Amino acid sequence: MAFPTKKLINDPNDVVIEFIEGLVETYPGLQYLDGFPQVKVVLRADVSCGTYDKVAVISGGGSGHEPAHAGYVGEGMLTAAICGDIFASPPVDSILAGIRAVTGPMGCLLIVKNYTGDRLNFGLAAEQAKSEGYKVETVIVGDDCALPPPRGIAGRRGLAGTILVHKVAGAAAAAGLSLADVAAEAKHASEMVGTMGVALTVCTLPGQVTSDRLGPGKMELGLGIHGEPGAAVADIQPVDVVVSHVMNQILSPETNYVPITRGGRVVLMVNGLGGTPIMELMIAVGKAVPKLQLEHGLAVDRVYTGSFMTSLDMAGFSISIMRADPLILQRLDAATKAPYWPVGVDGNHPPTKIPVPIPPSPTAKSDEPQSRPLQLNEQGQVLEAVIDAAANAILNLKDSLNEWDSKVGDGDCGSTMCRGAKAILDDIKKYYPLNDAAETVGEIGLSIGRAMGGTSGIIYTIFCKAAYTQLKANSHNGVTAKQWAEALAASIAAVSKYGGASAGYRTLLDALIPALSALEESLKSGDDPSTAFVLSSEAALAGAESTKNMKAQAGRSTYVSAEILSSVPDPGAMAAASWYRAAALVVKEKYNS
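Residues numbered from 1 in each chain as written. Predicted model: local features only at pLDDT ≥ 70, side-chain atom pairs only at ≥ 80, totals over all residues. Heavy atoms only, no water.

**Some details on the sheet that holds strand β5 (residues 108-113)**
As a reminder, the rule being used: Strand pairing requires that DSSP identify at least two bridges connecting the strands. Labels follow the DSSP assignment, with helices taken as runs of H or I lasting at least four residues and strands as runs of E lasting at least two, numbered in each case from the N terminus. To obtain an axis, a line is fitted to C-alpha atoms, over the contacting stretch when the element is a helix, and the angle between two such axes runs from 0 to 180 degrees between their N-to-C directions. Residue contacts follow a heavy-atom distance rule, with two residues in contact if any of their heavy atoms lie within 4.5 Å.
With mixed pairing, six strands are arranged side by side in an open sheet as β1-β2-β4-β3-β5-β6. Where the open sheet ends on each side, the last strands, each with one partner, are β1 (30-32) and β6 (136-141). Mean inter-strand twist for the sheet, computed between neighbouring axes without regard to direction, equals 25°. Strand direction decides the pairing type here: strand β2 (residues 41-44) and strand β4 (residues 80-86), joined by three bridges, are antiparallel. Across the sheet, residue L43 finds its bridge partner in β4, namely A80. Packing against the sheet, helix α1 (residues 15-26) makes contact with β1, β2, β3 (56-63) and β4, and its axis sits at approximately 150° to β1. In the packing of helix α5 (residues 179-191) onto the sheet, the strands contacted are β3, β5 and β6, and the crossing angle to β6 comes to about 5°.

**A word on the nonpolar core**
We apply this condition: Only buried Ala, Val, Leu, Ile, Met, Phe, Trp, Tyr and Cys residues count toward a nonpolar core, and they belong to the same one when joined by side-chain atoms within 4.5 Å. Residue exposure (1.4 Å probe, protein chains only): buried if accessible area is under 20% of the type maximum, exposed if over 50%, otherwise partly exposed.
In this structure, I387, Y460, W579 and Y580 are the most contacted members of the largest nonpolar core, which totals 69 residues. When residues of this core are assigned to their parent elements, the largest contribution, 12 residues, is made by helix α18 (residues 571-592). Ranked by size, the runner-up nonpolar core spans 51 residues in total, among them V57, A68, V141 and M269.

**Quick look at a negative patch on the surface**
Going by this rule: Here the term patch refers to residues with relative accessible area over 30% and no salt bridge, with like charges joined within 9 Å and nonpolar side chains (Val, Leu, Ile, Met, Phe, Trp, Tyr) within 5 Å. Method for areas: the Shrake-Rupley scheme with a 1.4 Å probe, in which residue coverage is limited to the protein chains shown. The rule for a salt bridge is simple: a side-chain nitrogen of Lys or Arg has to be within 4 Å of a carboxyl oxygen of Asp or Glu. Only four residue types enter the charge count: Lys and Arg as positive, Asp and Glu as negative, with His and the chain ends excluded. In this description, the location of a charge corresponds to atom NZ of lysine, CZ of arginine, CG of aspartate or CD of glutamate.
A surface patch of like charges, here negative, comprises D11, D14, E18, E21 and E25. Here E18 is to be found in helix α1. The class of E18 is partly exposed, set by a relative accessible area of 32%.

**Considerations on the confidence of the model for the chain**
The cut-off we apply is this: Known as pLDDT, the predictor's confidence for each residue is given on a scale from 0 to 100.
Across the chain, the average pLDDT comes to 87, with 88% of residues at or above 70. Considering only residues more than four positions removed or in separate chains, one finds that residues 350-367, a stretch of pLDDT under 50, has 12 contacts.

**Describing the layout of surface pockets**
Worth spelling out the cut-off: Grid points spaced at 1 Å and placed over the protein atoms alone form the basis of the search, with a cavity being a set where a 1.4 Å probe fits but cannot get out and a pocket an open set showing protein on both sides within 12 Å along at least five of seven lines. Lining residues have an atom within 4 Å of a point. Grid points are joined across faces, edges and corners, and a volume is the space filled by probe spheres set on the points. Residue polarity follows a fixed list, in which Ala, Val, Leu, Ile, Met, Phe, Trp, Tyr, Cys and Pro are nonpolar, Asp, Glu, Lys and Arg are charged, and the others, Gly among them, are polar.
Of the pockets and cavities examined, the second largest pocket occupies roughly 980 Å³. Around the second largest pocket, the lining comprises 41 residues; the ones closest to its centre are L383, V386, W484, W579 and A583. Elements represented by at least two residues in the lining of the second largest pocket include exactly α9 (378-396), α11 (413-428), α12 (437-451), α13 (454-474), α14 (481-499), α16 (529-545) and α18. Ranked by residues supplied to the lining of the second largest pocket, first place goes to α9 with eight residues. Here the lining of the second largest pocket is built from residues that sort into 33 nonpolar, seven polar and one charged.

**Description of the packing of aromatic side chains**
For clarity, the threshold we go by: Within 6.5 Å between ring centres, the rings of Phe, Tyr and Trp (the latter by its six-membered ring) count as paired, and their orientation is classed by plane angle as stacked under 30 degrees, edge-to-face over 60, tilted in between.
What the rule picks out here adds up to six aromatic pairs. Between Y460 and F463, the ring centres sit 6.1 Å apart and the planes meet at 55°, which makes this aromatic pair tilted. You can see Y460 and its partner F463 sitting in helix α13, three residues apart, about one turn around the helix. The pair formed by Y460 and F463 is uniform in burial state, with each residue classed as buried. Among the aromatic residues, ring-to-ring pairing joins Y460, F463, W579 and Y580 into one connected group.

**Details of the pairing of β4**
Most of β4 sits inside the fold, with five of its seven residues counted as buried. Inspection of the sheet shows β3 paired to β4 by five bridges, in the parallel sense. Considered in β4, the bridge of G60 is made with I82.

**Let's talk about the environment of A451**
Within the fold, A451 resides in helix α12. As for A451 and R419, which are separated by 32 residues in sequence, their C-alpha atoms are 5.8 Å apart.

**Overview of the sheet that holds strand β8 (residues 218-221)**
With respect to topology, six strands assemble into an open sheet ordered β9-β8-β7-β12-β10-β11, the strand pairing being mixed. This sheet does not close on itself; its edge strands, each paired only once, are β9 (232-235) and β11 (299-306). Shown here is a sheet whose adjacent strand axes are inclined to one another by a mean of 20°, direction ignored. Sheet topology places strand β10 (residues 265-272) next to β11; seven bridges connect them, and they run parallel.

**Re the environment of K167**
Mapped onto the elements of the fold, K167 is located in helix α4 (residues 161-174). Residues K167 and G76, spaced 91 residues apart in sequence, show a C-alpha to C-alpha distance of 7.3 Å. Residues contacting K167, with those up to four places away along its chain left out, are G76, M77, R331, L332, D333, A334, T336 and W341.

Here is the structure:
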C-alpha cells in the first residue's frame, strides 16, 4: 500500500498561504494582501500604488518553486509576486489585485513564464488592468533548451533563466527608466538566456504519493519545473558528463537557442531543483566554468549557484547560460533588497582568463549572412519587388491587425508582424541573394526569427524553413510557378504539423490553404502564372474573411466567445492574405508589363 511522502506541513491545501505567512515574518520588508482565499500576493512593504514613482515589476506563477517568485520581491527586483496554488497558475483576480496594489503612474511590467495557463491568466489580467487605466507591458520568458525547436503553439517553457530577467528588469525600474525601456531590457534579457534541467528524482506534491517514474540508476534530461517528463531518460552519468551534455544542448549552433558564439562573454547560473545538496551544485559549477572557457571559448563574467527556482523536493539541477553585455552585468550587479538574490556576487573579482580562440572547423557552416549579388537577373528583380510589396502590405495593415487582435487575442498581432516586416526590409538590401530564390527564402526566415519572436515568429520561421528546403531540393535554374506551389504546400504542411492547426481552426492556414488549392487548380487548367497567383490571392482573401464564421481551435481566440469572434476575422489569416495578395499583384504587374 502506498502512503503520501512525509512532509512537515498541516493541511496540504494551506501550504501556500502558510509559506507566505512565514516569509513575511522572516523578512520585514515584505507584506501580503489580506483578502479572499485565492489572493496570494507578496509585495514590497515600502510601495504604495498612490505614491510609487517607478515602474512596478510583477511576476509569479504556480507555487512549489520557492524561493521563486516571492523570495525575489524587494527594492531593485520584483515589486510584487503573485502566488498560485502548487504548480497552478494564479487566478486573474489575484493578478489584478497585485497590479492594483503596486502600480503607480509609471505603469507595470508583467514577467510571465511561457506556460499556457500563466500566459492566459496574466494576459487577461493585463487587458483588464489596461481597461481600468493602468499602463501595462508584458514580457514572456521561454528559456527552455531541452527540446528541439520549434515546439508548435506551445513554444519554449519558462525556467530558471526567468530569475535573471527579474533582476535585469528590477534594476532597470529602480534606475527610473520608463515602462517601455524597462520592458525592452527585460525582453532583451529573456532572449539572451537558455536553460536545461537534469533530475535524479521526481518531485512530491504535498499530500500525494511520490511517482516511481524514474527507476534505480536512472536520471531524466530536459524536464520542466512541474515534474513533467523530460526529453529523455538515461543511466546516471558522472556530473562532468552531464554538465557537458547540458551545455552542448544550450549552446548548440544547430538549434540556435541563444545568440552566444565563441569568444563571447556569459553569465552562468547553476540552480538546485529543491533536493540537491550545495556540495553537488558546487561540483557542477566547478566542472561547468572550465568547460565554458576551454571547450566553448567563452569568458564567464558571473556565476550564481544555489536554489533559485525549484520543483519542490526534486533532486537535480538546471544550468542557465546568459549572454553578457555591459548593461546586463550592470543590472545584475545593481543593489537589491530582494531576500533570495545572491548579493555576494557583485562582479568584484579578478578578470576571468579568456582562452586562446580555436579556429572553427573548415566544414562548419559559416554564420555570416549571404551576400547580395551585384547584378540582379530578371527573377531577382521580381523577387525583390515581391518581397518589398509583401512587407509594406503588412506595415500598412498594422493598426487594423492590432485592432482585430485586441478583440480576439492580446492586441499585438500587427506590431509583431511589423517587426518581422521591418527586419525583412532592413535585410533585403544587405543580405538577400535575390538571384537564388531558395537562399533568399531561407534568409527571410532568419530575419523573421530574429525580429518577431513569439508564436508568430516561430510559425513564419517554420514556414520559411520548409519552403527553403523544398526549393533547394527542386529548383536549380530559376523557380517555376509549379515549384512555388510545391514550396507553399511544404510550408503549409510544416506549419500544420508543428503548430497543430489545419483548415477551419481560425488561423493563417485558413488563408493559405485556399490559396494553395486555387493556385494548383489554376496552373493545372493552363492559366499563365500571373493569373494563377492573382486568382489564388483572391482565394486567400476570401478564406481569411471566412474565419469570422469559424470556431477558434488554436491560440488565445479559443477563449473568446463566438459572438465576439463573429465580429472580426482572424488577424493572422488577414495578415497572410494581405502579404500574399500584394505579392501576387506584383507578379502580375511584372510579367504583364
